[in-house]
There are 2 protein chains.
Amino acid sequence: MIASTSIHIERTTTPKAKPPQDKLGFGIYFTDHMFIMNYTADEGWHQSRIVPYQPITLDPAAKVFHYGQTVFEGLKAYKTADGRVQVFRPDANMRRMNLSNDRMSMPEIPTDLVLDAIKGLTHIDQDWIPDGEGNSLYIRPFIIATEALLGVQPSQAYTFMIIMSPVGAYYPEGINPVKIFVESHYVRAMIGGVGEAKTAGNYAAGLKAQDAAKEQGYTQVLWLDGAEHKYIEEVGSMNVFFKIDGTVYTPSLNGSILDGITRNSVIQLLRHWQVPVVERQLSIEEIYEAGKNGKLEEAFGTGTAAVISPVGELNWLGVKLVINGGATGGLSEKLYNNLTGIQYGKLEDEFNWMVEVK
Amino acid sequence: MIASTSIHIERTTTPKAKPPQDKLGFGIYFTDHMFIMNYTADEGWHQSRIVPYQPITLDPAAKVFHYGQTVFEGLKAYKTADGRVQVFRPDANMRRMNLSNDRMSMPEIPTDLVLDAIKGLTHIDQDWIPDGEGNSLYIRPFIIATEALLGVQPSQAYTFMIIMSPVGAYYPEGINPVKIFVESHYVRAMIGGVGEAKTAGNYAAGLKAQDAAKEQGYTQVLWLDGAEHKYIEEVGSMNVFFKIDGTVYTPSLNGSILDGITRNSVIQLLRHWQVPVVERQLSIEEIYEAGKNGKLEEAFGTGTAAVISPVGELNWLGVKLVINGGATGGLSEKLYNNLTGIQYGKLEDEFNWMVEVK
């Protein structure tokens, strides 16, 4: 049951000091307001409101703590040079959120109301959108199961919230390739599991491998499939692309891979530019083979935080593969410049991706 | 870093009314007190205290809501006919909790302190342990990540809590076989994943399959392995055993199966009784083959809530397999009677499983 109501607004009387522009980082500081609404099986979604950013109070038996029913999204608002505020593809996030809700046995959200909430909240806290190249406002909608009951069944009560954080440039010194460890022991997700849902448990499951990779000097892991440890899935919490002999390849959406919105945007841009792009099952072996034959031209991750993250080196079972001499490839850079160009309003938004907040 | 301190106690001044014995259910009512302690990277575990049961307050950016770092345990306290209070194998739960903590990149807990906390809390709320055949006090220790930071890294702050719930008999009308749907589409866990950790995400991941099975008239699902959908893993949130031609089989602990404490106790009892018991990879095909040949004598799940849950029927890809005429098998009943006999102090505790609370 979806109940749609108007959004009540309570403004803060004690606005916080803004953080210094050069200390933003990611998800450290939060804006003055947040959006919240509640769900019960009887009433559907109700009591939608924008209120001062504040702690939430839950029963210790709330299901989110015990059985992990939770879904989230991540998107960004940007300030253009001429002072407009625009959000990148929020409709796509809302569609994906409802797919995640379905997989996690959680209730559908009213996407129009939530889009209004994103716009309303961004508008109220627009002074929090940092100026400066590469800075933006990260928007985090999330839903948690709140029913205080220890039976293992779907919760009958939920809280939906949106919090926002001013975030710094991902590449303060310009776009820069990373070194990636190909993970052959730990597994992030599998077909039949919840890998395509944006749910908390997928991220907790990846931490141990991520820490082990960092200890060995790698920024992130490249995840292989859970059944055979042969096929490429994601890189860290990003989708991944490889340019081989002029064609761009990315793993097809098989159910264990997140349907990334930056991934989708990259595919649309490549098709628009008439660069051949293929979505299919992709083995790590063929990537190494292409590398050996000199046909692996570029590799990059895609995600909301970094937009495009070039991969300069892989390490698979101790064998290192340097890609494009460890430098950022031309296509990676073009994609980064185009996507961020559209996001910051410097380039024409030919795909109608940006939603202006007024 | 593990900091061990003494436990501060603040008693409630407004004790709640006890729920009616015939309405207990599972995890619906909670006792008057709870245990809580905090962790920070600097201080380790600190501020351990027993306080009145109360809501907790968290920042909306707390990592438990976004990245699912959480671990829990479940165990029970029983009241014996002569009025003693005893807990079943709490040391085993604490060992497993630290294995889960390690897998989820969470800090080790000081097991001695937590055992003291379990005993102390059970003692303070011992009036909440319900009388009556099959009733008990369910104890739920759990840890959640509390740092308010959206970066995908292990949290630097955690809260450990213990809450307790008086629970009713699992079989108010006597031990009763259930019908189980063999799940061939959805997957609970896989090798290299977090299946052997008792973490929230595993339970959320299973809800959709569980609901689908219920709609078709089945109590629970039997999970197969994630790679081939061939090998038996767990049944619902229990371990599973099959008696074939006089020998008892259970899936070996392969990394994706929870190392159940009831499972371990059943294996110890069977060995003690000189019933052959084999832990190995077990295909669903061979179970059906044994059923066809008249050699499948019994099947049962094991877990803290039900202790022993006989399986009367399986449905695998539309083919039904009735086990032991749909009735509870002799060995299942003997195991149930012995385990509950030890738990309620009616039988001698030859394995030193019970910890008395004084």
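Residues numbered from 1 in each chain as written. Chains lettered and ligands numbered in written order. Predicted model: local features only at pLDDT ≥ 70, side-chain atom pairs only at ≥ 80, totals over all residues. Heavy atoms only, no water.

**So, the overall build of chain A**
Then, in step 1: Broken down by element type, chain A carries seven helices and 19 strands.
Then, in step 2: What you see for chain A is a C-alpha radius of gyration of 21 Å, in line with the 21 Å of a compact globule of 358 residues.
Then, in step 3: In terms of principal-axis extent, the alpha carbons of chain A reach across some 60 × 50 × 35 Å.
Then, in step 4: Counting all 358 residues of chain A, 63% fall into the buried class.
Then, in step 5: Of the roughly 13,700 Å² of accessible surface on chain A, a fraction of 47% belongs to carbon and sulfur atoms.
Then, in step 6: For chain A, the distance from the average position of its 31 positive side-chain charges to the average position of its 41 negative side-chain charges is 2 Å. (Helix = DSSP H or I, 4+ residues; strand = E, 2+ residues; numbered from the N terminus. Rg over C-alpha atoms; globule rule 2.2 N^0.38 Å. Buried < 20%, exposed > 50% of the residue type's maximum accessible area, 1.4 Å probe, protein only. Areas by Shrake-Rupley, 256 points an atom, 1.4 Å probe, with all protein chains shown as cover. Lys, Arg positive; Asp, Glu negative; His and termini not counted. Charge placed at Lys NZ, Arg CZ, Asp CG, Glu CD.)

**Concerning the relation of the copies chain B and chain A**
Then, in step 1: Under the fitted operation, chain B is carried onto chain A by 0.0 Å of movement along the axis and a turn of 180°, and the coordinates agree to an RMSD of 0.0 Å. One copy is carried onto the other by what is essentially a two-fold rotation axis.
Then, in step 2: Taken together, the interface assignments show that 100% of the residues at the interface of chain B recur at the interface of chain A, consistent with an identical surface on both copies. (Least-squares fit on C-alpha atoms with pLDDT ≥ 70 in both. Contact = heavy atoms within 4.5 Å.)

**A word on helix α5 (residues 261-272) of chain B**
All names here are of chain B.
Then, in step 1: Look at α5: 16 Å from first C-alpha to last across twelve residues, which is about the 16 Å you get at 1.5 Å a residue.
Then, in step 2: Residues of α5 that are buried include every one of Ile-261, Thr-262, Arg-263, Ser-265, Val-266, Ile-267, Leu-269 and Leu-270, and no others.
Then, in step 3: Looking one or two residues past α5, Gln-274 carries a phi angle of roughly 60°, positive in sign. (Expected span 1.5 Å × (residues − 1).)

**Focus: the nonpolar core**
Then, in step 1: In this structure, Phe242(A), Leu270(A), Ile287(A), Ile308(A), Leu314(A) and Leu335(A) are the most contacted members of the largest nonpolar core, which totals 51 residues.
Then, in step 2: Two domains each donate at least three residues to this core, and these are domain 1 (8-167) and domain 2 (178-343) of chain A.
Then, in step 3: Dropping the residues within four chain positions of it, Ile308(A) is found in contact with Tyr171(A), Ile175(A), Val266(A), Phe300(A), Gly301(A), Thr302(A), Ser332(A), Leu335(A), Tyr336(A) and Leu339(A).
Then, in step 4: Residues Tyr78(B), Ile175(B), Met238(B) and Leu282(B) belong to the second largest nonpolar core, which totals 50 residues. (Core = buried A, V, L, I, M, F, W, Y, C linked by side-chain atoms within 4.5 Å. Domains from an automatic or database assignment.)

**Focus: the environment of Pro310(B)**
All names here are of chain B.
Then, in step 1: When you line up the elements, Pro-310 lands in strand β17 (residues 307-316).
Then, in step 2: On the basis of relative accessibility, which here comes to 1%, the residue Pro-310 falls in the buried class.
Then, in step 3: The sequence separation of Pro-310 and Ile-118 amounts to 192 residues, and the corresponding C-alpha distance is 30 Å.
Then, in step 4: Once you skip the residues sitting within four places of it in the chain, Pro-310 turns out to touch Tyr-171, Ile-175, Asn-176, Pro-177, Val-178, Ala-299, Phe-300, Thr-328 and Ser-332.

**Comments concerning the interface of chain B and chain A**
Then, in step 1: Taken together, the contact pairs 61 residues of chain B with 61 residues of chain A.
Then, in step 2: Between chain B and chain A the total buried area reaches about 4,900 Å² when both faces are included, carbon and sulfur atoms providing 65% of it.
Then, in step 3: Sorting the residues of chain B by area buried against chain A places Pro60(B), Phe65(B) and Leu150(B) first, and these three jointly supply 13% of that buried surface.
Then, in step 4: Here Lys208(A) and Asp102(B) are joined by a salt bridge, their closest N and O atoms 3.1 Å apart.
Then, in step 5: Summed over the shared surface of chain B and chain A, the result is 23 residue pairs in polar contact (both at pLDDT 80 or more).
Then, in step 6: Elements supplying a minimum of two residues to the side of chain B that touches chain A: β4 (56-58), α1 (63-67), β5 (70-72), α2 (90-103), β8 (136-145), β9 (157-167) and α4 (200-215) of chain B.
Then, in step 7: The element that contributes the greatest number of residues to the side of chain B that touches chain A is α4(B), accounting for ten residues.
Then, in step 8: Classifying every residue of the side of chain B that touches chain A gives 37 nonpolar, 16 polar and eight charged.
Then, in step 9: In this structure, strand β4 (residues 56-58) of chain A lies alongside β4(B), joined through three bridges in antiparallel fashion. Its bridge partner lying in β4(B), Ile56(A) is registered against Leu58(B). (Buried area = accessible area lost by both parts, 1.4 Å probe. Salt bridge = Lys/Arg side-chain N within 4 Å of Asp/Glu carboxyl O. Polar contact = N/O pair within 3.5 Å; in protein donor to acceptor, adjacent residues only side chain to side chain. Nonpolar A, V, L, I, M, F, W, Y, C, P; charged D, E, K, R; others polar. Pairing = 2+ DSSP bridges.)

**A short note on unusual backbone geometry**
Then, in step 1: Its identity is not glycine, yet Ser105(B) carries a phi of approximately 55°, on the positive side.
Then, in step 2: Judged by its relative accessible area of 17%, Ser105(B) is buried.

**Focus on the packing of aromatic side chains**
Then, in step 1: All told, the structure shown has 33 aromatic pairs over all chains when counted by the stated rule.
Then, in step 2: Between Phe72(B) and Tyr203(B), the aromatic rings sit 5.1 Å apart at their centres with planes inclined by 55°, giving tilted as the arrangement. Highlighted residues: Phe72(B) in strand β5 and Tyr203(B) in helix α4, separated in sequence by 131 residues.
Then, in step 3: Taking the relative accessible area as the measure of exposure, Phe72(B) reaches 1% and is therefore buried.
Then, in step 4: In this structure Tyr203(B) comes out as buried when scored by relative accessible area, which is 9%.
Then, in step 5: Put simply, the rings of Phe35(A), Tyr39(A), Trp45(A), Tyr158(A) and Phe160(A) pair up and form one aromatic cluster.
Then, in step 6: The cationic tip of Lys179(B) hangs over the ring face of Tyr218(B); the distance from NZ or CZ to the ring centre is 5.8 Å.
Then, in step 7: Seen from the ring of Trp273(B), Lys334(B) lies directly overhead, with NZ or CZ sitting 4.1 Å from the centre. (Phe/Tyr/Trp six-rings, centres within 6.5 Å; stacked < 30°, edge-to-face > 60°. Lys NZ or Arg CZ within 6 Å of the ring centre and 35° of its normal.)

**Brief notes about the pattern of salt bridges**
Then, in step 1: In this structure the tally under the stated criterion is 27 salt bridges over all chains.
Then, in step 2: Note that Lys243(B) is salt-bridged to Glu297(B), the shortest N-O span being 3.0 Å. One end of the pair, Lys243(B), is in strand β13 (residues 239-244); the other, Glu297(B), is in strand β16 (residues 296-303), with 54 residues separating them in the sequence.
Then, in step 3: Glu297(B) gets classed as partly exposed once you look at its relative accessible area, which sits at 26%.
Then, in step 4: The salt bridge partner of Lys295(B) is Asp245(B), with a shortest N-O separation of 4.0 Å. Taken together, the positions of Lys295(B) in the loop between α6 (284-292) and β16 and Asp245(B) in the loop between β13 and β14 (247-250) put the pair 50 residues apart, joining distant regions of the chain.
Then, in step 5: Among the ionic contacts, a cluster of salt bridges with common partners joins Asp82(A), Arg84(A) and Glu356(A).

**Let's talk about the side chain of Asn93(A)**
Then, in step 1: With respect to the secondary-structure elements, Asn93(A) resides in helix α2 (residues 90-103).
Then, in step 2: Setting aside chain neighbours within four positions, we find Asn93(A) in contact with Glu73(A), Gly74(A), Leu75(A), Phe88(A) and Ile261(A).

**Observations concerning the domain arrangement of chain A**
Residues and elements named next belong to chain A.
Then, in step 1: We note that the domain assignment places domain 1 (8-167) and domain 2 (178-343) within chain A.
Then, in step 2: Between domain 1 and domain 2, the C-alpha centre-to-centre distance is 27 Å.
Then, in step 3: At the boundary of domain 1 with domain 2, total buried surface from both sides reaches about 1,700 Å², with 57% on carbon and sulfur atoms.
Then, in step 4: Summed over the shared surface of domain 1 and domain 2, the result is zero salt bridges.
Then, in step 5: Counting the contacts that link domain 1 with domain 2 gives 13 residue pairs in polar contact (both at pLDDT 80 or more).
Then, in step 6: Only β5 (70-72), β6 (75-79), β7 (85-88) and α2 provide two or more residues apiece to the side of domain 1 that touches domain 2.
Then, in step 7: Among the elements that line the side of domain 1 that touches domain 2, the one with the most residues is α2, at five residues.

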